[in-house]
Amino acid sequence: MNYKIFLVIPLLSIVSSGFSQTDSIAVINAKWQTQKISRGIKLKKHCFNTTLFNSNQNITILEVKAGRKNKIDLGYEQQKLKPTSEFGTTDNAIAALNGTFFDIKNGGSVDYIRSNGTVINKTRLGKNNERSDHQKSGIVFNNGKINIAQWDGTQTWEDKLGGEDVMVTGPMLITDGQRSSLDSSAFVMTRHPRSAVALKGKKVLLITVDGRNENAAGMSLFELASFLKWIKMGKALNLDGGGSTTLWVKGQPENGVVNYPSDNKKWDHAGERKVANVVLVKIN
C-alpha cells in the first residue's frame, strides 16, 4: 500500500490534546461481553454507542495468556492471498488475526517476514531507501510467545532480530505504557477499521476496531493509541487495517469471524479481504 503524506496541523493539535475525560471513563467503565474460549483465552466485545470519541465504536479483543499451552504463531503465504479464516482453519489454529501490509495485486507481504530462519518476504523500502512508519517495528515470535521490537535505525535491523519468526509491521502505538510518537499523515489521522497486537504482562491481546459503517466509525491511530493506554497496555503496535481487519475464532458463529470486516461494505461477518499473513493462536 502507498500512503501520501499530508500535514494536518490543526487536526493534529485537536487530536493530541482534545480527548475528554469522558472518553477514558467510558473505556474504564465499559461492561465487556466476555466469553471463555479455552483455558487462558477470553473473547471480549463491546459497542460504545456515541460514548467514545463522540462516535460509535465496535471493539473485539481476544485475550490470550501465552505460555506452555497457548502458543502465538505466524501464518503466511509467500505470494498467495487468502482470508484470515482460511489461515486459521488450514493451520489448525484456535484464532487468527490479519497481519501486516501486503501487495494486493501480486500477493505477498511488503514488509519483512521470516520463518524458521528463512526470509519469506523482504521489506520494500521507499525512495532513497526510506522506511515507512509501518516498517519501524515488528513482532518477534519465539517458542509460542511474542515480543514487540522497535527499529534501531539500521537498514539490516530485521535480519538481526532473534526469534523463530519475525513479522515487521506498525507503527508502534504504545511504548513502555505510554502513547508512541505518531506523525500527521492521512493514514494516521483518518478513521479506519484497525487491527492491533498489544502486550500486558504475560497476556497478548489481538484487537479489532470496526469501521466504515454507521454502526462503527473506526479510529485514527491517535485514538487507538489512547484506547490502548487506557486499558493499560505495556507495548502495542498497529497491523494492516481497513478492509483487512478480521478476527477469526474457531467454533464461533458466522464461520468464526467475530468482528465486522468491511471489505464488502456491509454490516455483517462476511466481508473478509484476502491477506498475505496472520497472527495465529494455537493450543498444544
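It should be noted that the structure appears before, not after, this text.
Further remarks concern the packing of aromatic side chains. A complete count under the given rule lists five aromatic pairs for this structure. Seen from their ring centres, tryptophan 32 and phenylalanine 48 are 6.2 Å apart, and the 80 degrees between their planes marks the pair as edge-to-face. Of the two residues, tryptophan 32 sits in the loop between helix H2 (21-28) and strand E1 (33-38) while phenylalanine 48 sits in strand E2 (residues 41-52), which places them 16 residues apart along the sequence. Judged on exposure class, the residue tryptophan 32 and its partner phenylalanine 48 are both buried. Their ring planes at 70 degrees and their centres at 6.0 Å tell us that phenylalanine 101 and phenylalanine 187 sit as a pair that is edge-to-face. One end of the pair, phenylalanine 101, is in the loop between strand E6 (95-98) and strand E7 (113-115); the other, phenylalanine 187, is in helix H5 (residues 186-189), with 86 residues separating them in the sequence.

As for its placement among the helices and strands, threonine 245 is situated in the loop between strand E16 (235-238) and strand E17 (247-249). Owing to a relative accessible area of 1%, threonine 245 belongs among the buried residues under this scheme. In this structure the side chain of threonine 245 is engaged in a polar contact, spanning 3.0 Å, whose partner is the side chain of serine 195. With sequence-adjacent residues up to four places away left out, threonine 245 is seen in contact with Asn98, Pro193, Arg194, Ser195, Thr208, Val209, Asp240, Asn259 and Pro261.

Residues Lys36, Arg39, Lys65, Arg68, Lys69, Lys145 and Lys202 make up a contiguous surface patch of positive charge. Structurally, lysine 36 is set in strand E1.

With 33 residues, the main nonpolar core has Ile59, Leu173, Leu224, Phe227 and Leu228 as its most contacted residues. Those elements giving two or more residues to this core turn out to be H2, E2, strand E3 (55-65), strand E12 (172-175), H5, strand E14 (194-200), strand E15 (203-209) and helix H6 (221-230). Examining the composition of this core, we find that seven residues originate from one element, H6, more than from any other. In terms of nonpolar packing, the next biggest core, distinct from the first, is built from 30 residues, Ile72, Ile148, Leu206 and Val249 among them.

Before going further, it helps to examine the pattern of salt bridges. A complete count under the given rule lists ten salt bridges for this structure. A salt bridge links lysine 160 to aspartate 152; the shortest N-O distance between them is 3.1 Å. Among the ionic contacts, a cluster of salt bridges with common partners joins Lys44, Glu63 and Lys203.

Calculation notes
Residues numbered from 1 in each chain as written. Predicted model: local features only at pLDDT ≥ 70, side-chain atom pairs only at ≥ 80, totals over all residues. Heavy atoms only, no water. Phe/Tyr/Trp six-rings, centres within 6.5 Å; stacked < 30°, edge-to-face > 60°. Helix = DSSP H or I, 4+ residues; strand = E, 2+ residues; numbered from the N terminus. Buried < 20%, exposed > 50% of the residue type's maximum accessible area, 1.4 Å probe, protein only. Polar contact = N/O pair within 3.5 Å; in protein donor to acceptor, adjacent residues only side chain to side chain. Contact = heavy atoms within 4.5 Å. Patch = residues over 30% accessible without salt bridge, like charges linked within 9 Å, V, L, I, M, F, W, Y side chains within 5 Å. Areas by Shrake-Rupley, 256 points an atom, 1.4 Å probe, with all protein chains shown as cover. Salt bridge = Lys/Arg side-chain N within 4 Å of Asp/Glu carboxyl O. Lys, Arg positive; Asp, Glu negative; His and termini not counted. Charge placed at Lys NZ, Arg CZ, Asp CG, Glu CD. Core = buried A, V, L, I, M, F, W, Y, C linked by side-chain atoms within 4.5 Å.

Read these as spatial facts, not as claims about activity.
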